[in-house]
Every structure is written in C-alpha cells, then in structure tokens.
Amino acid sequence: MAESPEEVAVLVQRVVKDIRNAFQRNPHIDEIGLIPCPEARYNRSPIVLVENKLGVESWCVKFLLPYVHNKLLLYRQRKQWLNKDELIDITCTLLLLNPDFTTAWNVRKELILSGTLNPLKDLHLGKLALTKFPKSPETWIHRRWVLQQLIQENSLPSHVTKGNLGAAPVERIHRLVQEEMNVCSEAAGRYPSNYNAWSHRIWVLQHLGKLTLKVLLDELSSTKYWVSMHVSDHSGFHYRQFLLKSLIGRTVTDNNVLVQNQLVNEQNPSLQKEEESAGAEAACAEEQSVDLPHHLEEELELCTELIDTYPGHETLWCHRRRVFYLQHHLSNKIPLLSAVVSSVDSSDETLNNSHHSPATRHVAQAMDVDGLNESSSKQGYTQETKRLKRAPMQDSLGPEMEYQFIDKVLSTCRDADQARFATAYRKWLVTFLGQ
C-alpha cells in the first residue's frame with residue numbers, strides 16, 4: 001500500500017495512464033463504476049475493463065482523487081505547469097470520480113475553445129459520468145454548453161457554417177437529438193425524480209428539436225411506457241405536460257397564422273396562387289399528425305388506467321389535474337373558429353341572404369376572415385377548412401365524466417391515500433369549474 005508522497009505520486013500517475021489506455025483500447029465504453037475493494041490484494045492495476053464497462057477499485061480512490069484535485073488547483077493558481085495532454089488526462093480522471101468539480105469542466109471548456117479537445121469526446125465523458133452520478137448538475141450544465149458549441153462553432157459531425165444551424169443535414173441533427181434523449185432516459189432511470197435530466201431534455205427540444213410537431217408527437221409516444229413504469233416520478237409526468245402544452249401552443253399559433261395568411265390572400269389575390277401548393281402540402285402534413293383533443297383524451301385514459309392499476313400515488317392525480325386543465329383550456333381556446341366552421345355545415349343559405357341580423361353579420365364576417373365567404377364557398381373545403389373543423393367544441397360531458405370517475409374510485413377503493421387524493425381532486429374540480 002502506498003503511503004509516502006512519492007509512492008502516492010507514482011501510484012496516481014500509473015492509474016491515470018491506465019485510464020487513458022483503457023479509453024484508447026475501447027473507445028465505446030458506456031458505463032463506469034466503483035468496485036468494492038477495501039485494500040489492494042493483488043499487485044495489479046486498480047482499473048478493470050470488461051467489455052464496455054470500466055471499473056475502478058475503491059481502495060485507490062482515497063489516493064487518486066485528492067492528488068488530481070490538488071494538482072489541478074495548483075495549475076489554476078499558476079503554481080505548477082501542465083501540458084495539454086496532462087490536463088486532458090487529469091480532468092478526465094477527476095470528473096469520472098467527481099463530476100461536480102466545476103473547475104475541471106472549465107479547464108476542458110478552455111481546451112475545446114482552443115481546438116485541443118474534440119467537443120464530441122466531452123459529450124462522451126459527460127455521458128459516462130452520468131452513469132455513476134446521474135443527477136450531477138455541473139455535468140448537465142457543461143453538456144448544454146458543449147451542444148451550443150456544436151451548433152454555433154461548426155463542430156457537428158459534418159462541417160456547418162458558424163451560427164447557421166439550417167446548413168446542417170436534418171439527419172445529423174436528428175441523431176444528435178436522439179442521442180441526448182437516450183442519455184436523459186438512462187439518467188432518469190438511474191435516479192428517481194431526476195429533474196436535471198428532464199430539464200435538459202426540455203432544453204434539447206427547444207434548442208435542437210425546435211419544438212416541431214413531429215418531435216413533440218414522437219416524444220409523447222416514446223415516454224408513455226417510461227411513465228407507466230415510474231408512476232411516482234413527477235418529473236417524467238411534468239415532461240409530458242410540457243409536451244402537451246407545447247402542442248397546444250404550436251397548433252393555436254399555426255391557426256392564427258393561417259387566418260392572417262387568408263386575410264393577406266383576400267387582399268392580394270395574386271399571392272394566393274404562388275403560396276397555394278406549399279401551403280397545401282404543409283397543411284396536409286399537419287392535418288395527418290395533429291389531433292389535440294384525441295391526444296388529451298388518450299392522456300386522460302392513461303391516467304385512468306394507471307390510477308386503477310397503481311392506487312395511492314399522488315403523482316398520477318396531480319398529472320390528471322393538469323391534463324384536465326389543458327383540455328378545458330383547449331376547449332375554450334378557439335370557440336369562434338369552431339362555431340364558424342360548424343355553422344358552414346348546417347346552412348349555406350345564410351351566406352346568400354342579404355338581410356342579416358347583427359349576430360348573423362358577425363358570423364358572416366368571421367367566415368370571410370376564414371376564407372369561407374360566398375365567392376369561395378363554391379370551391380369546397382380546403383385543407384385549412386379541415387384544420388379549423390378540428391378546433392375543439394366546448395364539451396360539458398368532460399366535468400361530468402370526471403365526477404363519475406371520482407365516484408367510481410371512492411366506491412371501490414380500499415386504499416386510504418387513494419380516497420384522500422380522489423376527494424382532493426373533486427374539491428379542485430369544484431373550485432376550478434366554479435371560477
């Protein structure tokens with residue numbers, strides 16, 4: 001066992017070298033961990049590499065961690081010089097054992113900015129650190145910084161003009177997003193209620209995925225199984241609430257843009273033909289992919305199934321409360337557009353009647369805004385019209401079905417917590433609907 005400073009220095013240098021050699025022999029290492037070993041029993045390296053797993057015998061950590069920590073601090077204080085290769089090796093060893101050491105990440109930032117270190121290698125190092133410390137906030141913060149460098153500084157797997165994300169192939173960005181989703185899922189599975197991982201996932205969607213409808217729908221589908229297996233993890237359900245809210249916001253924004261475009265087309269008929277083909281393709285794609293009332297209804301059905309299967313979990317009731325709130329919010333979001341389109345189905349003669357009542361004139365004016373006036377009604381429904389028809393109607397059965405569900409739970413459950421959560425949910429419904 002090493003005891004003197006000279007012996008400790010020799011031991012640490014050997015271990016750091018063994019870690020570097022392990023990554024050179026197998027660049028696909030995907031997990032790190034400590035091997036319980038109170039003392040060195042054999043005259044061999046404490047670094048163990050089996051397939052894609054890297055293990056460090058625990059007896060050497062008490063020598064290794066303080067030594068590399070102090071050595072890096074001496075370098076930052078300009079009391080000791082380290083070359084670039086030594087900095088990379090020391091920070092790698094230090095961060096695998098203590099990823100919350102901010103100074104080490106800052107040193108690696110400087111190495112990336114100087115062009116010495118490949119940002120993709122730092123993403124891999126962070127991924128490994130998260131297998132042992134899945135909630136490490138400094139690791140997630142550094143990971144976002146590296147991703148920003150990959151976007152802004154021309155460091156994607158293929159060359160991208162600085163600051164021009166649109167020049168990157170869509171497939172490469174998609175793979176980068178998918179890799180981050182996998183990292184977040186693994187970290188969330190290793191640590192319960194890992195809000196750092198889920199917050200990072202939201203950040204990736206906002207900055208890399210751009211919150212497109214396809215990405216949002218794919219995430220909503222891919223996380224359904226995960227939350228079903230982690231019914232007490234509020235962070236996962238909060239992420240699904242973010243997805244649903246983003247879908248609502250994105251769709252409502254698209255509807256507003258659609259109405260504005262129709263106003264412009266009415267004022268400038270010459271522009272309508274030029275934009276007709278592109279607009280039809282985009283509307284057709286969204287028509288096939290977005291059905292907000294259906295997605296919210298599916299989410300309520302998921303809540304019902306999980307509440308019945310796993311009674312007594314407050315997270316499920318909180319999620320149901322939020323989903324019902326979004327459903328109620330959506331049903332009141334575009335009432336005018338819903339009334340307009342449904343009125344077209346019921347009577348076309350109103351449009352041809354020159355003597356309108358004030359209410360009829362208001363509806364007719366709204367129809368003109370939507371491009372459903374007399375001159376265009378003969379052309380049949382457009383893709384825009386179909387999208388507007390999907391705007392949800394005010395459904396009085398929603399609250400009634402919730403009350404029936406609560407009564408069913410209270411009459412059949414034997415769990416005291418389940419009854420308490422159901423009663424609290426009923427009180428919330430009464431307060432919310434009474435506003």
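In what follows, the structure referred to is the one given above.
Quick caveat: nothing in here was measured; it's all calculated off a predicted structure.

*Asks:* It is not clear to me how the packing of helix 3 (residues 84–97) against helix 4 (residues 102–113) should be interpreted in this structure. Could you clarify?
*Replies:* Packed helix pairs are characterised by how far apart their axes lie and by the angle those axes make with each other. Direction vectors running N to C along helix 3 and helix 4 enclose 145°, while the axes themselves pass 10 Å from each other. By crossing handedness, the relation of helix 3 to helix 4 is classed as left-handed. On helix 4, the residues that touch Leu87, Ile88, Thr91, Cys92, Leu94 and Leu95 of helix 3 are Ala104, Trp105, Val107, Arg108 and Leu111. Residues of the contact of helix 3 with helix 4, tallied by class, amount to nine nonpolar, one polar and one charged.

*Asks:* What is the right way to look at the nonpolar core in this model?
*Replies:* Within soluble globular proteins, side chains that are nonpolar tend to cluster in buried spots. Ranked by size, the top nonpolar core spans 93 residues in total, and within it Phe23, Leu72, Leu96, Leu147 and Trp317 carry the most contacts. The contacts of Trp317, once residues within four sequence positions are left out, are Ile307, Phe405, Val409, Gln418, Phe421, Ala422 and Tyr425. Counting residues in each nonpolar core, the second largest holds six residues, with Leu130, Trp140, Ala187 and Ala197 among its members.

*Asks:* Please clarify how a nonpolar patch on the surface should be interpreted in this entry.
*Replies:* Taken together, the side chains of Tyr225, Met229 and Tyr310 make up a nonpolar region of the molecular surface, amounting to roughly 340 Å² of accessible area. By secondary structure assignment, the location of Met229 is in helix 10 (residues 224–229).

*Asks:* How should helix 5 (residues 119–132) be read in this particular structure?
*Replies:* With 14 residues, helix 5 should reach 20 Å at 1.5 Å per residue; the first-to-last C-alpha distance of 21 Å fits that figure. For helix 5, the buried fraction is high: ten of the 14 residues fall into the buried class. Regarding helix 5, the residues found buried are Pro119, Asp122, Leu123, Leu125, Gly126, Lys127, Leu128, Ala129, Leu130 and Thr131. Of the surrounding elements, those touching the buried residues of helix 5 are helix 1 (5–25), strand 1 (31–35), helix 3, helix 4, helix 6 (137–152) and helix 7 (170–190). Capping the start of helix 5, Asn118 holds a side-chain oxygen 3.0 Å from the backbone nitrogen of Leu120, two or three residues further along.

*Asks:* Explain the sheet that holds strand 1 to me, please; I cannot follow it from the model alone.
*Replies:* Strand pairing within a sheet occurs via backbone hydrogen bonds; the two strands may be parallel or antiparallel. Read from one edge to the other, the open sheet built from three strands follows the order 1-3-2, with strand pairing classed as mixed. At either end of the open sheet lies a strand with only one pairing partner, and these are strand 1 and strand 2 (47–50). The sheet shows a mean angle of 25° between the axes of neighbouring strands, taken without regard to direction. Two elements, strand 1 and strand 3 (residues 53–57), share five bridges in a ladder whose sense is parallel. Counted as the bridge partner of Ile35 is Glu57 from strand 3.

*Asks:* When you look at unusual backbone geometry in this model, what are you seeing that I'm missing?
*Replies:* Of all residues except glycine, most have a negative phi; of all peptide bonds, most are trans. Backbone geometry at Glu51 places phi at a positive 55°, although glycine is not the residue there. By the secondary structure assignment, Glu51 is in the loop between strand 2 and strand 3. One non-glycine residue, Lys210, lies in the positive phi region at around 60°. Relative to the helices and strands, Lys210 is located in the loop between helix 8 (195–207) and helix 9 (213–222).

About the thresholds
- Residues numbered from 1 in each chain as written.
- Predicted model: local features only at pLDDT ≥ 70, side-chain atom pairs only at ≥ 80, totals over all residues.
- Heavy atoms only, no water.
- Axes fitted to C-alpha atoms, helices over the stretch in contact; angles between N-to-C directions.
- Helix = DSSP H or I, 4+ residues; strand = E, 2+ residues; numbered from the N terminus.
- Left-handed = near helix turned anticlockwise from the far one by under 90°.
- Contact = heavy atoms within 4.5 Å.
- Nonpolar A, V, L, I, M, F, W, Y, C, P; charged D, E, K, R; others polar.
- Core = buried A, V, L, I, M, F, W, Y, C linked by side-chain atoms within 4.5 Å.
- Buried < 20%, exposed > 50% of the residue type's maximum accessible area, 1.4 Å probe, protein only.
- Patch = residues over 30% accessible without salt bridge, like charges linked within 9 Å, V, L, I, M, F, W, Y side chains within 5 Å.
- Areas by Shrake-Rupley, 256 points an atom, 1.4 Å probe, with all protein chains shown as cover.
- Salt bridge = Lys/Arg side-chain N within 4 Å of Asp/Glu carboxyl O.
- Expected span 1.5 Å × (residues − 1).
- Polar contact = N/O pair within 3.5 Å; in protein donor to acceptor, adjacent residues only side chain to side chain.
- Pairing = 2+ DSSP bridges.

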